[in-house]
Amino acid sequence: MTRADAKVLLEVKGLHANVAGVEILKGIDLVVRAGEVHAIMGPNGSGKSTFAKALAGHPAYEVTAGTATFEGRNIFDMAAEERARAGLFLGFQYPLEIPGVSNAAFLRLAYNTVQGARGKDELDPLEFDDYVREKMKLLEMDASFLDRSVNDGFSGGEKKRNEILQMALLEPRLAILDETDSGLDIDALRVVSGGVNRLLTRDNAVVLVTHYQRLLNYIVPDYVHVMEGGRIIKTGGRELAVELEARGYDWLKGKVAA
Amino acid sequence: MTDIEAETAPRGLNEDIIRLISAKKHEPEWLLELRLKAYRHWLTMAEPGWPNVKYPKIDFQNVIYYSAPKPKKLKSMDEVDPELLRTFEKLGVPMNERAALAGVAVDVIFDSVSVATTYKQKLAEVGVIFCSISEAVRDHPDLVRKYLGTVVPPGDNYYAALNSAVFTDGSFCFIPKGVKCPMELSTYFRINTQESGQFERTLIIAEEGASVSYLEGCTAPKFDSNQLHAAVVELVALDDADIKYSTVQNWYAGNEQGVGGIYNFVTKRGLCKGANSKISWTQVETGSAITWKYPSCVLLGDNSIGEFYSVALTNHHQQADTGTKMVHIGRNTRSRIISKGISAGQSNNSYRGLVKIGARAEGARNFSQCDSMLIGTKCGANTFPYIQVHNNSAKVEHEATTSKIGEDQLFYLAQRGIGAEEAVSMIINGFCRDVFQQLPMEFAVEATKLLGLKLEGSVG
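What counts and what doesn't
- Residues numbered from 1 in each chain as written.
- Chains lettered and ligands numbered in written order.
- Predicted model: local features only at pLDDT ≥ 70, side-chain atom pairs only at ≥ 80, totals over all residues.
- Helix = DSSP H or I, 4+ residues; strand = E, 2+ residues; numbered from the N terminus.
- Buried ≥ 20, exposed ≤ 12 C-beta atoms within 10 Å, placed from the backbone.
- Contact = placed C-beta atoms within 7 Å.
- Rg over C-alpha atoms; globule rule 2.2 N^0.38 Å.
- Nonpolar A, V, L, I, M, F, W, Y, C, P; charged D, E, K, R; others polar.
- Pairing = 2+ DSSP bridges.
- Axes fitted to C-alpha atoms, helices over the stretch in contact; angles between N-to-C directions.
- Core = buried A, V, L, I, M, F, W, Y, C linked by C-beta atoms within 7 Å.
- Expected span 1.5 Å × (residues − 1).
- Arc of directions from axis to C-beta.
- pLDDT = per-residue confidence, 0-100.
- Parallel < 35°, antiparallel > 145°, perpendicular 65-115°, else oblique.
- Left-handed = near helix turned anticlockwise from the far one by under 90°.

A few words on the overall build of chain B. If you tally the helices and strands in chain B, you get 12 helices and 23 strands. Per-residue burial over chain B gives 56% buried out of 460 residues. Within chain B, contacts between residues at least 6 apart in sequence are counted, and of these 85% link residues at least 24 apart.

This is the structure in structure tokens:
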């Protein structure tokens, strides 16, 4: 739900970024307020994932111009882990595997690190076990997820559920979900998007990065942005996504943002 | 540096030095003869050139072969020189805590001579002998004579021959028939005098149906010159006996430029002499400038089992060429090898292992898993598996992987609030889990911390 007076969580101005010396982002502006759902769409190679990773602080993405503030703080002064602790969450398109480390140990370390940074109480293994099981119900996850190695041998759908479980545990102010719908069958998509919907409040916000409008049937965006060539070339409401579904991206090519 | 006074032999090696060592230790004639025979054999041998390590030629005449603290007998840990305890403290070996909390009997080897032995009484009640090998030679000469050199013969290899000639001390354990050792036995070795070679000799015997878990921890203070450490460990397991030998090795590795550090050239071998016997080696190797070490099992008894679980970590300019040999002789013998090599900095880490199935080893089985992990782009990892099968019914499996701690993995963890050092520690501990699970609890905790410390600053 959009409210003009809602607090600004993220404000990006004129963002340019390089990967391996090649400019991928060529001037992005975006404002996300508390309570909003944004969708960033666009064809492959338009810079969507680069934008997400640059905001989260991936070391391979070099910001060359522009600013980005998160709740008023310049995020480019913050290491990736500091951004995470401050409440900026990235749901990965390809979650990484960590063989030999139990999911429970990983989740608890992440949870306690973030809680500690926010001056809140950390949980011991038993307390955490109760807490995480509660959150797992939200995503219809089996308890065996806790004993398995982090993402190791997980199916695509299991990995994505695990990402949203992390979001549920870390309670970010802003979650950027990068292609969370890719590789999900229709049932998994329903569960995952149901989980995201239940996590939405008037104090947090979600940016969905997606190639397809399918996800937006489940998580309804307030704004839809279309990226092309490293810029946002068009912004509209929910109906823009429907139009993209019908007409593809080609008709927008070469147009400048409205 | 510690201020404990040492009694030191002149540099160099000749028959007189060997006679001096033997005389200092009031040894029987047969042992002096064994030493001299080993020495004469050693003179005819050449240093092995096949390990994948590089180092300047060692001047064996510039080594001090005997250095002992002034003899003092201590009845309890309270009497241990506080300076020694402080040194342990600095080195991160919570020995007193460990002994008290874990109920471990600690036999401290301080420049090759035992200065404290605890819990001896409790062990004596069940007939377990746990003492320095010098005491064993004095008090149990028949046992020592029966087994010493039967697993690693004096002429086995260059460094074993050298050790047999000049070993100054080490540990002796004897677990009599049917006895389960009531506590874990632990020895801490350390090198104190600059340029003194450390040549311990350890002999562990488990009689029929006996079992024991033995922990060896190794640390050494920093010196700029390289020091040679050439130990020999022999294990003998009779019918239905079980020996578990765990090592956490953190000898001084040299500085970040590769100056100084221990040359750790060690021969460790266990003989599963009896049917249904089992010998299990677990090692966590994080120290030493150079590690050359292959804890092995000779599976002579039918249905005997050999295991080797290893984590070898190298950083900066460290070099390790380590692995195992599983020699299957008896029928239905089984062996399992789990090796995890971690290389960081400009280090070089090789796994070298032999699985040999003899002609009579009907139904023998081996499984080997050798995984390497690289941190950074300047280090190296190699795997050299040798497999020799002389029996068609044998089944031998070998798996190997190489992985890297990548930027993406660290970014993923950072994005969950976890900083680089903690992330690396977590990834490495996950990588080593199959080995750490084999360690006694308090050792596993120490090993986990140690790996984190050793890798500090190697990422990012």
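Having put the structure on the table, let's press on.
Time to look at the overall build of chain A. Regarding its fold elements, chain A presents 7 helices and 12 strands. Here the C-alpha radius of gyration of chain A, 18 Å, is about what a compact globule of 258 residues would show, namely 18 Å. With the C-alpha coordinates of chain A rotated into their principal frame, the extents come out at 55 × 40 × 40 Å. Here chain A, with 258 residues, has 44% of them falling under the buried criterion. Pairs at least 24 apart in sequence give 71% of the contacts found in chain A among residues at least 6 apart.

Attention shifts here to the interface of chain B and chain A. Contacts between chain B and chain A engage 16 residues on the former and 23 residues on the latter. For the side of chain B that touches chain A, the elements supplying multiple residues, two or more each, are helix H9 (407–414) and helix H10 (420–431) of chain B. No other element matches the 6 residues that H9(B) contributes to the side of chain B that touches chain A. Looking at the side of chain B that touches chain A residue by residue, the classes come out as 7 nonpolar, 5 polar and 4 charged.

Another aspect to go through is the sheet that holds strand S10 (residues 205–209) of chain A. All names here are of chain A. Spatial ordering of the open sheet is given by S6-S9-S10-S3-S11-S12, a layout of 6 strands whose pairing is mixed. With one partner strand each, in any of the chains shown, strand S6 (88–91) and strand S12 (231–236) form the two edges of the open sheet. Averaged over all pairs of adjacent strands, the angle between their axes in this sheet comes to 20°, without regard to strand direction. Here 4 bridges tie strand S3 (residues 37–41) to S10, and the two strands are oriented parallel to one another. Residue Val37 lies in a different strand from S10, and its bridge partner there is Val206. Contacts between helix H1 (residues 48–56) and the sheet are confined to S3, S6, strand S9 (174–178), S10 and strand S11 (223–228), with S9 contributing the most and set at about 145° to the helix. Helix H7 (residues 238–247) contacts S3, S11 and S12 of the sheet and is inclined by roughly 45° relative to S11.

Quick look at the nonpolar core now. In this structure, A:Leu174, A:Ile176, B:Cys173, B:Ala206, B:Val212, B:Leu235 and B:Ala237 are the most contacted members of the largest nonpolar core, which totals 189 residues. Excluding anything up to four places from it in sequence, B:Leu235 contacts B:Val151, B:Ile204, B:Ile243, B:Tyr245, B:Gly270, B:Leu271 and B:Ile279.

Residues and elements named next belong to chain A. Here 8 bridges tie strand S1 (residues 8–19) to strand S4 (residues 61–70), and the two strands are oriented antiparallel to one another. Directly across from Asn18, in S4, lies its bridge partner Glu62. In this structure, S4 lies alongside strand S5 (residues 73–74), joined through 2 bridges in antiparallel fashion. When the bridges of S5 are listed, Phe70 appears paired with Arg73.

Within a sheet, neighbouring strands are paired by backbone hydrogen bonds and run either parallel or antiparallel to one another. The strand order across the open sheet formed by 4 strands is S2-S1-S4-S5 (chain A), and the pairing between neighbours is antiparallel. Two strands lie at the open edges of the sheet, namely strand S2 (22–33) and S5 of chain A, each paired on one side alone.

Okay, unusual backbone geometry next. A negative phi angle is the norm for most residues apart from glycine, just as the trans form is the norm for most peptide bonds. The phi dihedral of A:Glu140 falls on the positive side, at around 50°, and the residue is not glycine. Along the chain, the position of A:Glu140 falls in the loop between helix H4 (125–138) and strand S8 (149–150).

With that out of the way, let us pick up H4(A). Residues and elements named next belong to chain A. Given a rise of 1.5 Å per residue, 14 residues ought to cover 20 Å, and the 20 Å separating the end C-alpha atoms of H4 matches this to within 8%. Listing the buried residues of H4 in full gives Phe128, Val132, Lys135 and Met136. The arc that holds every buried residue of H4, seen down its axis, measures 105°, which confines them to one face. Summarising the geometry of H4, the exposed residues directed more than 90 degrees from the buried face are Leu126, Glu127, Asp130, Glu134 and Lys137.

This brings us to the confidence of the model for chain A. Of all residues in chain A, 98% have pLDDT values of 70 or greater, and the mean over the chain is 93. For chain A, per-element mean pLDDT is lowest for H7(A), which scores 88, and highest for S6(A), which scores 98.

Right, let's get into the packing of helix H5 (residues 156–170) of chain A against helix H6 (residues 186–199) of chain A. For any two helices packed against each other, one specifies the crossing angle of their axes together with the interaxial distance. Residues and elements named next belong to chain A. Two elements in contact, H5 and H6, have axes whose closest approach is 10 Å; the angle formed by their N-to-C orientations is 5°. Between H5 and H6, the angle is such that the two are roughly parallel. Residues Gly157, Lys160, Arg161, Ile164, Met167 and Ala168 of H5 form the contact with H6, whose participating residues are Ala188, Val191, Val192, Gly195, Val196 and Leu199. Taken together, the residues of the contact of H5 with H6 sort by class into 8 nonpolar, 2 polar and 2 charged.

With that out of the way, let us pick up H1(A). Residues and elements named next belong to chain A. Across the 9 residues that make up H1, a large majority, 9, are buried. Every buried residue of H1 is accounted for by Lys48, Ser49, Thr50, Phe51, Ala52, Lys53, Ala54, Leu55 and Ala56. In the segment just after H1, Gly57 is the residue with positive phi, at about 100°.

All names here are of chain B. When the pLDDT values of chain B are averaged, the result is 84; 82% of them are 70 or greater. Here helix H4 (residues 95–102) is the element of chain B with the lowest mean pLDDT, 40, and strand S16 (residues 296–299) is the one with the highest, 98. This model gives residues 70–75 a pLDDT under 50, and the stretch forms 7 contacts once residues within four places in sequence are excluded. Across residues 189–196 the pLDDT falls below 50, and counting only partners more than four positions away or on other chains, this stretch makes 35 contacts in the model. In the predicted assembly, ipTM is 0.95 and pTM is 0.82.

Residues and elements named next belong to chain B. Contact geometry for H10 and helix H12 (residues 441–454): axes closest at 9 Å, N-to-C directions at 130°. It follows that H10 is oblique to H12 by the angle criterion. When you trace H10 past H12, the crossing you get is right-handed. Between H10 and H12, the contacting residues are Ser425, Ile428 and Asn429 on the first element and Thr448, Leu451 and Gly452 on the second. By residue class, the composition of the contact of H10 with H12 is 2 nonpolar, 4 polar and no charged.

Residues and elements named next belong to chain A. Tracing the backbone through its elements, the reader meets Ala34 in the loop between S2 and S3. Distance in space between the C-alpha atoms of Ala34 and Val150 is 31 Å, their sequence separation being 116 residues. The contacts of Ala34, once residues within four sequence positions are left out, are Ala6, Lys7, Leu9, Arg202, Asp203, Asn204 and Ala205.

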